[in-house]
Amino acid sequence: MGIQKFLFAVPFLFIFSKSYGQDTIQTEKNIELLSAVSGNTKMLLTGVAWFGFLYHINNTDKTTPKTTFNDFGFSPMFLWKLSDKFFFESEIEIQNDGTSDNSAAFDLEYAKLSFRLNKYMTIGAGKMLSPFGAYNERWEPNHIEKFPNAPLRPDDGVLPDDTHLFWGSVMGVDVRGGVPLGSAKMNYSLYISNGPKLHLEKEMGGMLQYENWNDNNSNKEVGGRIGFLPFPNSSLEFGFSGKYGIAGNQGDSLYNKIGATAYAVDFSYVKSIDAIRSIINIRGQFNSVTVGKANYQLTDSTTYTFDNAMQSYFAQFSIRPGMAGNKYLKKTEFLLRYSDVTPPKDAVWSPKDTNGQGGSIKRIDIGLCYWVTWSTGLRITYEISTMPDGAHPKELVVRFATGF
Amino acid sequence: MKKIIICFLFLVVGAGLAIFIYGCAESKMIAEKSGSQLWGENCIRCHNIPSSLEYSSAEWEVIGMHMKLRANLTDDETNKIVTFLKSEN
């Protein structure tokens with residue numbers, strides 16, 4: 001009886017499996033067809049949220065607080081695959097603007113549409129992260145940055161108006177891609193953008209603003225980055241970046257030929273070392289920006305000039321005992337970073353020592369990050385800065401950032 | 001003048017790139033790398049490695065395209081990594 005039932009069922013099983021197999025093949029064919037036409041879109045909402053705390057350890061100014069929950073923000077990122085060739089990406093950043101009126105800064109970080117030309121080249125246009133150095137595009141997002149803050153850079157905390165800031169966003173067009181080179185590989189990003197804007201206002205003369213959405217002249221900046229990964233396991237990468245553009249205003253006979261040249265060198269190395277059950281990561285970037293010689297207003301009746309060049313760099317080392325037995329230790333990454341900014345020493349807006357001479361600003365960060373997930377972690381750093389006037393502000397910076 | 005020099009440098013690099021593209025194929029060792037190996041080697045260059053279960057197959061396709069642009073991954077690397085992550089879902 002059992003054998004009869006079995007023999008009766010076999011033809012049905014055969015017909016079912018055959019039709020299921022055909023359905024599967026047909027579904028795969030349909031997916032293949034659909035992926036080639038526009039309208040087959042896939043979208044992902046991702047991003048990062050964070051909050052933080054700051055403790056000015058040796059602040060002697062009795063009029064300012066020593067501690068503050070000053071850091072909060074939310075950055076939704078919209079990734080939209082329109083087809084196998086078209087891709088749109090955008091990020092909005094909402095964060096504490098740092099002013100006393102407690103408002104939040106709202107900024108469109110980037111909004112860029114890309115089109116895949118072939119397997120080695122993609123062209124993109126819009127507001128995009130500047131492909132200058134590696135930090136801006138790859139290491140800066142708050143859920144990726146291991147420290148609770150960025151390396152020392154010419155931002156509002158160090159120099160006014162983010163002058164000479166070498167990263168941020170640019171408006172323009174780029175081409176980029178990755179190319180295999182035998183057992184090594186290289187990658188490239190070349191772009192043309194509005195370029196920088198030169199400040200001429202008194203007390204701001206010679207400052208450079210790269211975020212120049214409505215171009216101040218017809219000249220366009222050209223630049224890019226070339227990266228080399230010499231090892232087959234991609235553990236080491238060197239990047240070389242350069243850019244040049246006219247910064248002066250259109251029609252301004254005194255400044256319309258003043259240009260800005262910048263270059264950067266970056267590197268990163270990642271290695272898993274079984275003997276110490278850890279992963280080490282070394283990364284850094286050197287940047288140099290030089291603005292053409294010009295006279296700037298010092299007072300209403302006098303002008304002055306200075307060597308308008310700025311250098312900055314950082315180098316960091318981190319070690320994470322990711323293969324350790326202890327479940328807490330394996331989630332902890334220990335961090336060390338040194339960074340330095342050398343602004344134009346004779347500019348009226350650069351920080352000075354007690355004798356009125358400009359100099360470098362240096363900072364050491366010693367910290368750790370406790371990773372709850374791959375993109376969520378509690379970052380803590382103790383930082384000691386050295387200002388040109390010899391001051392050594394010390395701060396404890398804490399940030400909890402979660403990628404989603 | 002500086003602009004001309006920079007343009008010239010990029011032209012030289014571009015010409016070199018064209019030669020590389022048509023003259024240098026990836027080695028057999030690289031071509032034989034699996035998606036899981038490429039996933040482990042490339043993601044960790046910038047960030048921790050997420051679990052393949054973190055996102056759906058459709059989301060991995062979107063992330064693959066995003067990372068190809070952000071990290072300038074090669075076409076083959078991207079395809080292999082995304083295929084691997086989708087297969088693990």
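Residues numbered from 1 in each chain as written. Chains lettered and ligands numbered in written order. Predicted model: local features only at pLDDT ≥ 70, side-chain atom pairs only at ≥ 80, totals over all residues.

**Topic: the interface of chain A and chain B**
Turning to step 1, where the next piece is worked out: If you look at the interface, chain A gives 46 residues, while chain B gives 38 residues.
Turning to step 2, where the next piece is worked out: A breakdown of the residues in the side of chain A that touches chain B according to their chemical character gives 20 nonpolar, 17 polar and nine charged. (Contact = placed C-beta atoms within 7 Å. Nonpolar A, V, L, I, M, F, W, Y, C, P; charged D, E, K, R; others polar.)

**What about helix 4 (residues 57-70) of chain B?**
All names here are of chain B.
Turning to step 1, where the next piece is worked out: Relative to the 20 Å expected for 14 residues at 1.5 Å per residue, helix 4 spans 20 Å between its end C-alpha atoms, a close match to the ideal helical length.
Turning to step 2, where the next piece is worked out: Summarising burial for helix 4: ten of the 14 residues are buried, a large majority.
Turning to step 3, where the next piece is worked out: Listed as buried for helix 4 are E59, W60, E61, V62, I63, G64, M65, M67, K68 and L69.
Turning to step 4, where the next piece is worked out: Just beyond helix 4, the residue with positive phi is N72, at close to 55 degrees. (Helix = DSSP H or I, 4+ residues; strand = E, 2+ residues; numbered from the N terminus. Expected span 1.5 Å × (residues − 1). Buried ≥ 20, exposed ≤ 12 C-beta atoms within 10 Å, placed from the backbone.)

**Regarding the pairing of strand 5 (residues 121-129) of chain A**
Residues and elements named next belong to chain A.
Turning to step 1, where the next piece is worked out: The pairing of strand 4 (residues 104-118) with strand 5 spans seven bridges and is classified as antiparallel. Pairing of N118 across the sheet is with M121, part of strand 5.
Turning to step 2, where the next piece is worked out: Between strand 4 and the antiparallel strand that follows it, strand 5, lie two residues.
Turning to step 3, where the next piece is worked out: Relative to strand 6 (residues 169-181), strand 5 runs antiparallel, the two sharing eight bridges. Bridge assignment links T122 to a residue of strand 6, and that residue is R176. (Pairing = 2+ DSSP bridges.)

**With respect to the confidence of the model for chain B**
Turning to step 1, where the next piece is worked out: Looking at chain B as a whole, the pLDDT averages 84, with 72% of positions reaching at least 70.
Turning to step 2, where the next piece is worked out: Across the interface, the model reports ipTM at 0.85; the global pTM reads 0.85. (pLDDT = per-residue confidence, 0-100.)

**Focus on the environment of A31(B)**
Residues and elements named next belong to chain B.
Turning to step 1, where the next piece is worked out: In this structure, A31 sits in helix 2 (residues 28-31).
Turning to step 2, where the next piece is worked out: The class of A31 is exposed, set by 11 C-beta atoms lying within 10 Å.
Turning to step 3, where the next piece is worked out: Sequence separation between A31 and N79 is 48 residues, and the spatial gap between their C-alpha atoms is 12 Å.

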